[in-house]
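# An overview of the molecular structure
Spelled out, the chains give:
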Amino acid sequence: MRRVLFVDDEPRVLEGLQRLLRSRRHDWQMAFALGGEAALAELETAPFDVVVSDMRMPGMDGAALLKQVQARYPNVARIVLSGYTDREALLRAVPVAHQFLTKPCESEDLQATVERACSLQDLLNDEVLRGLVGEMGELPSSPRVLSELLTALEDQDVPIAELAKIVERDVAMCAKCLQLVNSAFFGLPRRESNVQRAIGLLGTNMLRSLAFSIGAFRAFPAGSSPLGFSLERLECHSLLTAKLAARLVPASQAEEVFMAAMLHDIGNLILAARLPHKFAPILEQSAREGRPAYAVEEEVLGVSHAEIGAYLLGLWGLPHMIVEAVAHHHMPSRIQPGRFDMVAAVHVAKSLVDELQPVWGEDVTGANAHIDEEWLEALGVLDRLPNWRAAAQDVRAAMRT
């Protein structure tokens, strides 16, 4: 049974939540804490899967509470539910909250958000890994791209399209912008996957605040990245994969497919930042044995970077199709063959790019470039493979010019 803790400083709000969620009492074991201190006391008595907290509370506010939850109980999903929609307050919560909901919140939306956060735990069976990923509020960004962004933001009239081109080259920035804009604070009728529109909604002031003040975009300290890992190589590989994947689908699907492909290897970024002492030997073994890195990851960690990345993106509330494509980009056959969709496009693009420009260098050429031809044949698209290979060559040549 799911265990969910709701926190607010207003007794009437907690009573309202109890009434609102009465139908879930057979599925969820719920506790209701009056304020941050009471919430921490509840957490000490029993484990919880999710904490849903108000933001504006006297004494310990929501951001301060969730920061302590992040440090003490990192495998707990952290959700802000608040009527206090000041964007500066939102910025304070960014490093510590996985998702953001606004009051009044429809019962269906609240239930779906909590249930989805719980179900994501099935992706990672290892509680230690869930904790390592769950406590992340930030991911490493390229110092060069970050510097370019900050320089561009000095111009008050900089076009949003120019900022988007910069952000789209950085995996961490893409993910964080989409996490924020898909929060309920922006009240969008559908999940957003386009970075340019996301930046337009965030505004340059918030983007600047993110870059400057809260460390949502940070760089690896000098010499701290794992041996064999290159952030620039990862981001070049991701961008090339994204550009190719967008060419493999109709124009109406290109935006979401581009973003799914851009984020497909975000799990590698998590491993490099959180488990460098394990990730370096994994890359070395992959190169030495000529085996895919994800296969070695599964042997060593019990899970690959694909599931790790999908888990974080799911916690951050990104569109389900993107999370699914990230989770299955190495093994699309885990999904029943249907049509050539986002999962298939990301798998094909990632594999073809690995043939040309393997993410971890020439020593592992071909090791990760496994296209599931049997699955593509079941989709009825295997005959397109020669044309897709030619497209991959074209995209790489265009990026080099």
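Worth saying up front: this structure is predicted, and the values here are computed from it rather than measured.

With that settled, consider the side chain of aspartate 265. Topologically, aspartate 265 is positioned in the loop between helix 13 (254–262) and helix 14 (266–274). For the buried aspartate 265, no salt bridge exists, and the shortest N-O distance to an oppositely charged side chain is 5.1 Å, to lysine 350. One polar contact links aspartate 265 to histidine 264, side chain to side chain, over a distance of 3.3 Å.

The next subject is helix 3 (residues 62–72). Three or more residues of helix 3 are buried, namely Gly62, Ala63, Leu65, Leu66, Val69 and Gln70. Down the axis, helix 3 shows its buried residues gathered within 160 degrees of arc, on one side only. Opposite the buried face of helix 3, at more than 90 degrees from it, the exposed residues are Lys67 and Ala71. Two or three places before alanine 63, at the opening of helix 3, aspartate 61 has a side-chain oxygen 3.3 Å from that residue's backbone nitrogen.

Along the chain, the position of valine 303 falls in the loop between helix 16 (293–301) and helix 17 (305–315). Sequence spacing of valine 303 and leucine 123 is 180 residues, and the spatial spacing of their C-alpha atoms is 8.6 Å. Contacts of valine 303, omitting those with residues within four sequence positions, involve Leu123, Leu124, Leu129, Glu297, Glu298 and Ile308.

As a further point, take the pairing of strand 5 (residues 99–102). Of the two faces of strand 5, both are covered, the one formed by Gln99 and Leu101 as well as the one formed by Phe100 and Thr102. Bridging between strand 4 (residues 77–82) and strand 5 involves four bridges; their strand directions are parallel. Residue pairing in the sheet places serine 82 in a bridge with threonine 102 of strand 5.

What follows deals with empty space enclosed by the protein. Here the structure, examined in full by the defined rule, presents two cavities of 30 Å³ or more. In this structure, the second largest cavity is lined by Phe6, Val7, Asp8, Val13, Leu17, Val52, Asp54, Leu81 and Lys103. At the level of elements, strand 1 (2–8) and helix 1 (11–20) are the ones that each hand at least two residues to the lining of the second largest cavity. Considering each element in turn, the lining of the second largest cavity owes the most residues, three residues, to strand 1.

Another aspect to go through is the pattern of salt bridges. Evaluated as defined, the whole model comprises 16 salt bridges. Residue arginine 72 pairs with glutamate 44 through a salt bridge whose shortest N-O separation is 3.7 Å. Here the residue arginine 72 occupies a position in helix 3, and glutamate 44 occupies one in helix 2 (residues 36–45), the gap between them amounting to 28 residues. Take glutamate 44: its relative accessible area is 59%, and that puts it in the exposed class. Aspartate 354 is the salt-bridge partner of lysine 350, the closest N and O atoms lying 2.0 Å from each other.

Pairing within the open sheet is parallel, and its five strands lie in the order 2-1-3-4-5. Where the open sheet ends on each side, the last strands, each with one partner, are strand 2 (28–34) and strand 5. Across this sheet, the average inter-strand angle for adjacent strands is 20 degrees, counted without regard to direction.

The geometry of helix 12 (residues 231–247) relative to helix 19 (residues 342–356) is characterised by a closest axis approach of 9 Å and an angle of 130 degrees between their N-to-C directions. Between helix 12 and helix 19, the angle is such that the two are oblique. For the pair helix 12 and helix 19, the crossing hand works out as right-handed. Contacts between helix 12 and helix 19 involve His237, Leu240, Thr241, Leu244 and Ala245 on the former and, on the latter, Ala345, Ala349, Lys350, Leu352, Val353 and Asp354.

Take the pairing of strand 3 (residues 50–53) next. Judged by which residues are buried, strand 3 turns out to be covered on both faces: Val50 and Val52 on one side and Val51 and Ser53 on the other are all buried. With four bridges connecting them, strand 1 and strand 3 associate as parallel partners. Paired with valine 7 across the bridge in strand 3 is serine 53. Judged from the four bridges that link them, strand 3 and strand 4 form a sheet pairing that is parallel. Bridge pairing in strand 4 places valine 51 opposite arginine 78. Running through helix 3, the crossover from strand 3 to the neighbouring parallel element strand 4 is right-handed.

You can see serine 107 is positioned in helix 5 (residues 107–119). Owing to a relative accessible area of 13%, serine 107 belongs among the buried residues under this scheme. In this structure serine 107 touches Leu20 and Leu21, once residues within four positions along its chain are discounted.

We now examine the environment of glycine 267. Topologically, glycine 267 is positioned in helix 14. Separated by 37 residues in sequence, glycine 267 and serine 304 place their C-alpha atoms 8.0 Å apart. Beyond its immediate stretch of four places on either side in the chain, glycine 267 contacts His305, Ile308 and Gly309.

The next subject is helix 18 (residues 320–327). Counting buried positions along helix 18 gives six out of eight residues, so the element sits mostly inside the fold. Every buried residue of helix 18 is accounted for by Ile322, Val323, Glu324, Ala325, Val326 and Ala327. Considering only its buried residues, helix 18 is in contact with helix 5, helix 13, helix 17 and helix 19.

A separate point is the packing of helix 6 (residues 127–134) against helix 17. Contact geometry for helix 6 and helix 17: axes closest at 10 Å, N-to-C directions at 50 degrees. Taken together, the axis directions place helix 6 and helix 17 in an arrangement best described as oblique. Regarding helix 6 and helix 17, the two cross each other, and that crossing is right-handed. The residues of helix 17 that touch helix 6, namely those facing Leu129, Arg130, Val133 and Gly134, are Ile308, Tyr311, Leu312 and Leu315. The class makeup of the residues in the contact of helix 6 with helix 17 is six nonpolar, one polar and one charged.

Calculation rules
- Residues numbered from 1 in each chain as written.
- Predicted model: local features only at pLDDT ≥ 70, side-chain atom pairs only at ≥ 80, totals over all residues.
- Heavy atoms only, no water.
- Helix = DSSP H or I, 4+ residues; strand = E, 2+ residues; numbered from the N terminus.
- Buried < 20%, exposed > 50% of the residue type's maximum accessible area, 1.4 Å probe, protein only.
- Lys, Arg positive; Asp, Glu negative; His and termini not counted.
- Salt bridge = Lys/Arg side-chain N within 4 Å of Asp/Glu carboxyl O.
- Polar contact = N/O pair within 3.5 Å; in protein donor to acceptor, adjacent residues only side chain to side chain.
- Arc of directions from axis to C-beta.
- Contact = heavy atoms within 4.5 Å.
- Pairing = 2+ DSSP bridges.
- 1 Å grid on protein atoms, 1.4 Å probe; cavity = no way out; pocket = protein on both sides within 12 Å on 5 of 7 lines; lining within 4 Å.
- Points joined across faces, edges and corners; volume = space filled by probe spheres on them.
- Axes fitted to C-alpha atoms, helices over the stretch in contact; angles between N-to-C directions.
- Parallel < 35°, antiparallel > 145°, perpendicular 65-115°, else oblique.
- Left-handed = near helix turned anticlockwise from the far one by under 90°.
- Right-handed = clockwise from strand over helix to strand, strands pointing away.
- Nonpolar A, V, L, I, M, F, W, Y, C, P; charged D, E, K, R; others polar.

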